[in-house]
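Spelled out from the first residue to the last, the chains are:
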Amino acid sequence: MKTTDLAAVLEQLRQRNPLILSLTNTVVQPITANMLLAVGAAPVMLNDAEETEQLLRTCANGLLINVGTLSRPQAEQMRRAVDAAHAARIPWVLDPVAVGLLSFRTEFCRELLALHPTLIRGNASEIMALAGEAAGGRGTDTTEESAAAVHAALQLARQFGSTVLVTGAVDYVTDGARVAALGNGHPLMTRVTGVGCAMGALAAACVAAAPDAFTGAAACAALIGIAGERAAARCPRPGSFAAALLDELDAITPADMVHHTRFAG
Amino acid sequence: MKTTDLAAVLEQLRQRNPLILSLTNTVVQPITANMLLAVGAAPVMLNDAEETEQLLRTCANGLLINVGTLSRPQAEQMRRAVDAAHAARIPWVLDPVAVGLLSFRTEFCRELLALHPTLIRGNASEIMALAGEAAGGRGTDTTEESAAAVHAALQLARQFGSTVLVTGAVDYVTDGARVAALGNGHPLMTRVTGVGCAMGALAAACVAAAPDAFTGAAACAALIGIAGERAAARCPRPGSFAAALLDELDAITPADMVHHTRFAG
Amino acid sequence: MKTTDLAAVLEQLRQRNPLILSLTNTVVQPITANMLLAVGAAPVMLNDAEETEQLLRTCANGLLINVGTLSRPQAEQMRRAVDAAHAARIPWVLDPVAVGLLSFRTEFCRELLALHPTLIRGNASEIMALAGEAAGGRGTDTTEESAAAVHAALQLARQFGSTVLVTGAVDYVTDGARVAALGNGHPLMTRVTGVGCAMGALAAACVAAAPDAFTGAAACAALIGIAGERAAARCPRPGSFAAALLDELDAITPADMVHHTRFAG
């Protein structure tokens, strides 16, 4: 993988302005929509299952399923969304927030896993729990380094035909054959609610603009990581950092991605 | 219409501190409440239909209905809210987000339209779709210039006795007899989620403080447009712009509205 | 009470990183999570009652119940949460938003009151309404000075065995025996939606880190008040103030609390 491949994803994303439907938790809806807008995508969120199906049949380019504040009616909306995304050949991302910790979402994520997500995004605890390797973290916190989850990510990728993005100090992407490790980012990104969850939505946008999910997921990790580093350099506290992160996602260019993407490991 | 009439609306709004009940989509609730607070109004949001009716009977001064993340229970809450607003003679604003694109909300907006909203706020695609002229945009995006929707706005105003505010690079207001065109604003306002939706809530506050809905809607367009221009001049990127917009809504004075309102066309 | 006792709460909070489950209104979820993260706690929010019980049985350290956008299903989730918190001996905070104004939540808050909240946080109107002394304010606004509610706070504390935090220009804390008055804070804190509501969540975090609820509540009032003063000194308008408040909650040290806490009255 070359940095020019990742830069091309950003360029395509801004040209195509993909419409990303995020079925996500209520806590992170504003930052999810704002991060999509900042980077050049178009956000939409819905509560009604029929409207969800109709949008996916007509004009959506990507779908995020994030189970952070899952309810029974939302689970049903999500099932119908995944079916509609499959029918319309739209890429979809599963973000299994806190899987392994809480039974309802754990069973639901296993059910969705069997429907072959285009991309799975999670922290190390979540990816390991999803693969049956560990019991999961505490809420959205991970108790593991991302490297510890590479084995689980490979297993998930091979078993379900999904690309997997493990986020952490180093982000790992695998499609079951290749593994890429990206080293951009900053710890402040975990001190603002929703940056991780919004990354799932941005990953859907990047995959919609990329030649394949592996390249799209890697571009997403580089994009947010570089923007996060730049925002933290200017604003070392979380409130102003959150605004600066949006500013940097707006400002970042494909040339920035060519020059500042750091492969790790 | 004179700029002093618009300035008087802001002055009255700050004196009266109207309580605005926003039944709106979950994505934009925080920015809606914060824009109301910044300009000098008082926000309230509710989920329960009985509480909604009780608040409208007792102390609300304006009501916003925004269908962005409409659900079946919320539609029922909204129906009861509109009935209660009529009974209490409280002005109400309909924001028909993405009408024409999705069937459930399109039927629901037509149903509400027949109840004669005090004000309808939408982008060109939404106003044209509501009037039956076009199929609507893509989510919250408009595919039309606002001028293209003036005919539809006049038709809606005349048929339903509503004032109509078409927002875009130029904002048009009509009560079916008069048309005002206002040229303030900045493209960054479309790069922050909820600025357009919050404009519906601010329009409810302005109408509650104005001698009539036409003057109130025009004051709202000028107010947000001028604040947006000033915020963009200081903060040209979307994250810091969002905070600056709230600062400018807090700072703007009636004298600013007299001197900086630009009538267009 | 000494300022070193309050400083020790902040120190403990940062060491223990308590996990706070906030069942709160949808408007303030992002700022609630961000204020918890800024100060050093870990936020989690859930919609499903079974998941709520499971989290409280396994890893939550504190619980907030805020009725701002109460619905019938959420009331049921909250009942089960309070039972689970009692069973697990986890401190819980009741924030009776707009109690006295709307019947559904007023009855529900009375029901929860009988379950002996560890802490009750409200403005003067809410505390007086909860004690049966007055009809309540207008939405989240208080119509009374906080001193007027000290009698009601003492009565609630004695009758229900709860600690009570009355917030306003002066914040009062009582456990029925002692009363502490704290004078930190800034009026801008009422111009940003959710600062008051998030204070309930921070109070849960402080109580989880304190030797008792009285000390925890006082530490919370001092902590937010000092951060608010510092943020307002740098950023006198509400949009930039909101970001600065998070920055100051991140920056504040136990030594700051020792030197800048102001006892009032």
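Remember, it's a predicted structure, so these values are computed and weren't measured experimentally.

Student: Lay out the relation of the copies chain C and chain A in plain terms, naming residues and giving numbers.
Tutor: It takes a turn of 120° to lay chain C on chain A, together with a shift of 0.0 Å along the axis; the resulting RMSD is 0.0 Å. With respect to symmetry, the two chain copies, as superposed, fit the operation of a three-fold axis. When C-alpha positions in chain C are compared against the rotation axis, the closest is assigned to T26(C), at 4.0 Å.

Student: Mind laying out the interface of chain C and chain A, listing which residues take part and the relevant values?
Tutor: Between chain C and chain A, the contact holds 27 residues from the first and 25 residues from the second. In terms of residues, the side of chain C that touches chain A owes the most to one element, helix α10 (residues 238–251) of chain C, which gives 7 residues. Taken together, the residues of the side of chain C that touches chain A break down into 17 nonpolar, 5 polar and 5 charged.

Student: Give a description of the packing of helix α8 (residues 195–209) of chain B against helix α9 (residues 213–234) of chain B that names residues and reports values.
Tutor: Each packed pair of helices is defined by two parameters, the angle between the axes and the distance between the axes. Residue and element names in this part refer to chain B. Between α8 and α9, the least distance of the axes is 8 Å, while the angle of their chain directions is 130°. As judged from the angle between their axes, α8 and α9 are oblique. Along this stretch, α8 crosses α9, giving a crossing that reads as right-handed. Where α8 abuts α9, its residues M199, L202, A203, C206, V207 and A209 lie against A213, G216, A217, A219, C220 and I224. The class makeup of the residues in the contact of α8 with α9 is 11 nonpolar, 1 polar and no charged.

Student: Mind laying out the pairing of strand β3 (residues 62–66) of chain C, listing which residues take part and the relevant values?
Tutor: All names here are of chain C. Among the 5 residues in β3, 5 count as buried, and that is most of the element. Because side chains alternate across β3, one face comprises the buried residues G62, L64 and N66, and the other comprises L63 and I65, equally buried. Where strand β1 (residues 19–23) meets β3, 4 bridges bridge the pair, whose relative direction is parallel. Within β3, the position partnered with L23 by the bridge is I65. Strand direction decides the pairing type here: β3 and strand β4 (residues 92–95), joined by 4 bridges, are parallel. Note that in β4 the partner of L63 across the bridge is W92. Assessed by its sense of winding, the connection that carries the chain from β3 through helix α4 (residues 72–87) to β4 is right-handed.

Procedures and definitions
- Residues numbered from 1 in each chain as written.
- Chains lettered and ligands numbered in written order.
- Predicted model: local features only at pLDDT ≥ 70, side-chain atom pairs only at ≥ 80, totals over all residues.
- Least-squares fit on C-alpha atoms with pLDDT ≥ 70 in both.
- Contact = placed C-beta atoms within 7 Å.
- Helix = DSSP H or I, 4+ residues; strand = E, 2+ residues; numbered from the N terminus.
- Nonpolar A, V, L, I, M, F, W, Y, C, P; charged D, E, K, R; others polar.
- Axes fitted to C-alpha atoms, helices over the stretch in contact; angles between N-to-C directions.
- Parallel < 35°, antiparallel > 145°, perpendicular 65-115°, else oblique.
- Left-handed = near helix turned anticlockwise from the far one by under 90°.
- Buried ≥ 20, exposed ≤ 12 C-beta atoms within 10 Å, placed from the backbone.
- Pairing = 2+ DSSP bridges.
- Right-handed = clockwise from strand over helix to strand, strands pointing away.

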